[in-house]
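Summary of the model geometry
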Amino acid sequence: VRRLVAAGFREERSPDVLAVRARGVVVAPAHGGPAAPEWPSAAQVARTRVPLAFDGTGVDAAELPAGAGLDDVGPTLAEIIDFDIPHPEVRSGRSLGVAGGDPPRLVLEIVLKGISSADIEARPRDSANLRGLVEGGAGTMDATVGSLPLDPAAVLTTLGTGGLPRQHGVVGAIYRDDGGDVVDAWGRTGQFEVTNVIATLGDDYDERRGQRPEIGLVGTAVHDLGVIGGRWYLRRDRDEVALLPGDAGVGRQVRAARALLTKAPFGRDAL
């Protein structure tokens, strides 16, 4: 528990005092729903075990190595699309070595918020597609989030940046900014203030390719922006973003994703 809490802590952004419960789950009242941030407890470590799978063009089928983490997703996707991430030394994540063949023209990333491997294993009838990806591609049910508290804002930014909260700085849905004020993660910030301390894969890919790549997001909260970023470099990013209401069901999210893929030229060129 201490190791996970340390990975989720960044000095000056995190609280000065963190209490860890022995058991039970405490959820912030202002953040209801299945993906609400959960305060750390000693009994919560099992919920840091999550599924992770890669499949399709550019991916070799393989069992992911033990200890694979969500911070490895960004570096792995970078290798799959044949892109060298600048400054890999500032990130804890490393490529999982599953890239093979020609790079894909489109990467579709599907994120299950607030869902652990235990949740999926308890409902096998609802997870046939996911289990098929894990078994037929490069996957595992034993990946790790890598940090506590279990807060979607922190975890999704880990996916986007390839670093843990102690590195990327988004320690939760709310955190303290450089002036000591409490702010909402990925909410409105000052002109020269960035939410994430290290860039996302989307940030770097856009910058190195002259904003030519098409990068988009369908999400249900502003902190979902942690997956793609968009605020690291000073000039305005042109990502396609559709933020739905927090209670939008899976069907509505799928329809929005299809509409976004149709609207923008995703996958229609070499980038």
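Structure: above.
Everything in this summary refers to the structure shown in the same document. (Residues numbered from 1 in each chain as written. Predicted model: local features only at pLDDT ≥ 70, side-chain atom pairs only at ≥ 80, totals over all residues. Heavy atoms only, no water.)

This paragraph deals with the overall build of the chain. Per the secondary structure count, the chain includes eight helices and seven strands. Taken against the 2.2 N^0.38 rule, which gives 18 Å for 271 residues, the C-alpha radius of gyration of the chain at 18 Å falls within 12% of a compact globule. The principal-axis extents of the C-alpha atoms in the chain amount to approximately 50 × 45 × 40 Å. Looking at the chain residue by residue over its 271 residues, the buried ones come to 45%. Taking all contacts inside the chain whose residues are at least 6 apart in sequence as the whole, residues at least 24 apart take part in 67%. Here the chain has roughly 14,500 Å² of accessible surface; of this, 51% comes from carbon and sulfur atoms. (Helix = DSSP H or I, 4+ residues; strand = E, 2+ residues; numbered from the N terminus. Rg over C-alpha atoms; globule rule 2.2 N^0.38 Å. Buried < 20%, exposed > 50% of the residue type's maximum accessible area, 1.4 Å probe, protein only. Contact = heavy atoms within 4.5 Å. Areas by Shrake-Rupley, 256 points an atom, 1.4 Å probe, with all protein chains shown as cover.)

Enumeration over the complete set of coordinates arrives at eight salt bridges. With a shortest N-O distance of 2.6 Å, Glu121 and Arg49 are connected by a salt bridge. Taken as a pair, Glu121 in helix H3 (residues 117–121) and Arg49 in strand S1 (residues 49–54) lie far apart in primary sequence, 72 residues in all. Among the residues examined, Glu121 registers a relative accessible area of 42% and is labelled partly exposed. Two residues, Arg91 and Asp204, come together in a salt bridge whose shortest N-O distance is 3.3 Å. Residue Arg91 is found in the loop between helix H2 (73–80) and H3, and its partner Asp204 is found in helix H7 (residues 201–208); the two are separated by 113 residues along the sequence. Its relative accessible area of 5% is what places Arg91 among the buried residues. On the accessibility criterion, Asp204 (3% relative accessible area) is buried. (Salt bridge = Lys/Arg side-chain N within 4 Å of Asp/Glu carboxyl O.)

Residues Leu217 and Gly219 point to one face of strand S6 (residues 216–219) and are all buried, whereas Gly216 and Val218, pointing to the other face, are not buried. Where S6 and strand S7 (residues 240–243) come together, four bridges link them in parallel fashion. When the sheet's bridge partners are listed, Gly216 is paired in S7 with Glu240. (Pairing = 2+ DSSP bridges.)

Before going further, it helps to examine unusual backbone geometry. When glycine is set aside, most residues are seen to have a negative phi, and most peptide bonds are trans. Following Leu148, the chain continues into Pro149 via a peptide bond in cis, with omega recorded as 0°. Assignment of secondary structure puts Pro149 in the loop between strand S3 (138–144) and helix H5 (152–161). Backbone geometry at His87 places phi at a positive 55°, although glycine is not the residue there. Inspection of the secondary structure puts His87 in the loop between H2 and H3. Looking at His87, the relative accessible area reads 53%, which means it is exposed. In the Ramachandran plot, Gln211 falls in the positive-phi region, its phi being about 65° despite a non-glycine side chain.

With that out of the way, let us pick up H2. Most of H2 is tucked away: seven of the eight residues are buried. When we look at burial in H2, the residues that qualify are Val73, Gly74, Pro75, Thr76, Leu77, Ala78 and Ile80. Looking at the packing, one finds that the buried side of H2 touches S1, H5 and H7. Backbone geometry just downstream of H2 places Asp82 in the positive-phi region, at approximately 60°.

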